[in-house]
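For reference, the chains in residue letters:
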Amino acid sequence: MSSPPLPHLALIGAGITSLTLSIRLSALAIPHTIYEQSASLTELGAGLGFGPNAVRALEYIDPRLVEIFNKTATFVGTPSHQGKELLVQEGKGVDERVWIEFLDGTKQGRGETLEPEFVITAGNGRGHAAVHRGQWLDVLGGLADKERIMFGKRVVDVVCLDGKMRIVFADGTEAGADGVVGCDGVKSKVREVLMGMLGDGRERGKCGYSGKYAYRCLVPWGKAVEAVGDDRAGVSSLWMGLNRHLLTFPVHRQSEQFLNLVAFVTDEDGQMWPQEGPASLTLPATKADALRDFEQAGFSGSVRRLLEMTKERMDKWGLYDVADRPLSKFYFGRIMVIGDAAHASTPHHGSGAGFCMEDIAVLGALFEESIAHQSLTVETLEDVFAAFDYQRRERDQWLVKSSRRAADLYQWRIPDFLEPNSFEKMKADIEQRQEHCWGFDVEAAVREAKKHMSERLTLHTQS
């Protein structure tokens, strides 16, 4: 007897999550089309961080991704004691276990001579690595089948009509699919539709303002070294202070090296951005704006020197998430969300992209299992989506809330960590939470998800 035809999926969005999922689906010969609102592949932002959990997930998705990642990523760490070699690709001359060195940003002194208050490591094996977002999107675009992408397709609605999912676009056209996977990021339209289907109202599907914004830019390597010295520029560093913190880490773009700088600010009035669903996540800003924000908070000369190395004009980003509006389920029927569309988070654990890769590893394994047992049909798509939701939702939503808390910890806003000599207590708290991020067991997660799916399918056959 021949196998049933595989369902056709519509992936909404053509960012990093969608293209990675497409690579996995193509390997399984699952038909799918990607709908992207932009006219071409674009990725906002500069540095993209991957921890050990992300790399394990990439290996599970497609070993080629790990091979390319190891060739293009900048592995951040502490310069080795064997020499003064600068940080380079593939981690030469660094302790790859280091995640971030935490410094008191209000201390006086030059960056190259300041000792960190504490250091967080990623345990055994490689620590945290960074790639340029645009460069990684190019890698994915080279592996994915671009013929599957339809550009200029902004989704305005998704409905189920006569047993078929219908995607409605802003240009007045429609497309059909057996199932819809929302990969459309922080401002996900599919999330809004799903929230409505779940009975909570579409408005609650909009992302919400976290109360913080960030200045982002790439500093040319020579200027970064001039500001804080070779060793400090070559290490991932977080400068703490009241209501502010600044993160720097090295990243490569093509053959050039830069210092990625992200300066986070608590919006104490909460008026910088609308509370929900902004038209744009970015606003124009200047170097003077960033300097003023950090000088008012008493940050030291090293932080000021770094900010002085930025461009005169830059963007500031409103940090939105779904912490206050979590989904009760990541799916309804044959529509689901994944990645930032499901669990948009602030970036303070450096794990958002890694959790997206975990999502894809689990979902891809469920599809593979279904195909192996000739059980992947239009009718069983909901079972795949339900098993994904069962395994992923609790962990993904933990990240959203914990990331908000982490920012308040870095910005000295949590009373329990304000007493003298509290850095050791702070270190222990961060270590515990980062270990939860990095310690993901992809094999165990896949087994659990497959078991849940099998139980659902068994119930169907018995009914």
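Read on for a plain summary of the structure. (Residues numbered from 1 in each chain as written. Predicted model: local features only at pLDDT ≥ 70, side-chain atom pairs only at ≥ 80, totals over all residues. Heavy atoms only, no water.)

1. Focus on the packing of aromatic side chains
Counted according to the given criterion, the structure contains 13 aromatic pairs. Taking 6.1 Å as the distance between ring centres and 75° as the angle between the ring planes, the aromatic pair formed by F50 and W136 counts as edge-to-face. With a gap of 86 residues between them, F50 in strand β3 (residues 47-50) and W136 in helix α4 (residues 133-143) connect regions that are remote in the sequence. W136 shares its class with F50; the two are buried. Consider the rings of Y213 and Y215, whose centres lie 5.9 Å apart with planes at 75°: the pair is edge-to-face. The exposure class of Y215 is buried, given its relative accessible area of 1%. Above the ring of Y213, the side-chain terminus of K316 is found at 5.3 Å from the ring centroid. Between the NZ or CZ atom of K329 and the centre of the ring of Y331, over which it lies, the distance is 4.5 Å. (Phe/Tyr/Trp six-rings, centres within 6.5 Å; stacked < 30°, edge-to-face > 60°. Helix = DSSP H or I, 4+ residues; strand = E, 2+ residues; numbered from the N terminus. Buried < 20%, exposed > 50% of the residue type's maximum accessible area, 1.4 Å probe, protein only. Lys NZ or Arg CZ within 6 Å of the ring centre and 35° of its normal.)

2. As for the sheet that holds strand β10 (residues 149-150)
Across a sheet, paired strands are connected by hydrogen bonds in the backbone, their directions being either parallel or antiparallel. The mixed open sheet is built from six strands, whose spatial order is β10-β2-β1-β14-β22-β21. Each end of this open sheet is capped by a strand with a single partner; those strands are β10 and β21 (331-332). By the bridge criterion, four bridges tie strand β1 (residues 9-12) to strand β2 (residues 32-35) in an arrangement that is parallel. Bridging across to β2, A10 finds its partner in T33. Helix-sheet contacts for helix α1 (residues 16-27) involve β1, β2, β10 and β14 (179-182), and the interaxial angle to β2 is about 170°. (Pairing = 2+ DSSP bridges. Contact = heavy atoms within 4.5 Å. Axes fitted to C-alpha atoms, helices over the stretch in contact; angles between N-to-C directions.)

3. Points about the pattern of salt bridges
Applying the stated criterion to the full structure yields 29 salt bridges. With its nearest N and O atoms 3.0 Å apart, the salt bridge here joins D178 to K164. Of this pair, D178 sits in the loop between β13 (174-177) and β14 while K164 sits in strand β12 (residues 164-169), and the two are 14 residues apart along the sequence. D178 gets classed as buried once you look at its relative accessible area, which sits at 12%. For K164, a relative accessible area of 31% translates into the label partly exposed. Across the salt bridge formed by R405 and D429, the nearest N and O atoms sit 2.7 Å from each other. Remark: D429 occurs in helix α13 (residues 423-438) and R405 occurs in helix α12 (residues 381-410); sequence separation between them is 24 residues. Salt bridges here are not isolated pairs; linked through shared partners, they connect E358, D359, R392, R395 and D396. (Salt bridge = Lys/Arg side-chain N within 4 Å of Asp/Glu carboxyl O.)

4. Some details on the packing of helix α11 (residues 352-372) against α12
Between α11 and α12, the least distance of the axes is 10 Å, while the angle of their chain directions is 160°. On the basis of the axis angle, α11 is roughly antiparallel to α12. As for the relative orientation of α11 and α12, their crossing is right-handed in sense. Between α11 and α12, the contacting residues are G352, F355, E358, D359, V362, L363, L366, F367 and S370 on the first element and L381, V384, F385, A387, F388, Q391, R392, R395, D396, W398 and L399 on the second. Of the residues belonging to the contact of α11 with α12, the class tally is 12 nonpolar, three polar and five charged. (Parallel < 35°, antiparallel > 145°, perpendicular 65-115°, else oblique. Left-handed = near helix turned anticlockwise from the far one by under 90°. Nonpolar A, V, L, I, M, F, W, Y, C, P; charged D, E, K, R; others polar.)

5. Overview of the environment of K189
Structurally, the position occupied by K189 is in helix α5 (residues 189-197). Looking at K189, the relative accessible area reads 25%, which means it is partly exposed. The spatial distance from the C-alpha of K189 to the C-alpha of G205 is 8.1 Å, given a sequence separation of 16 residues.

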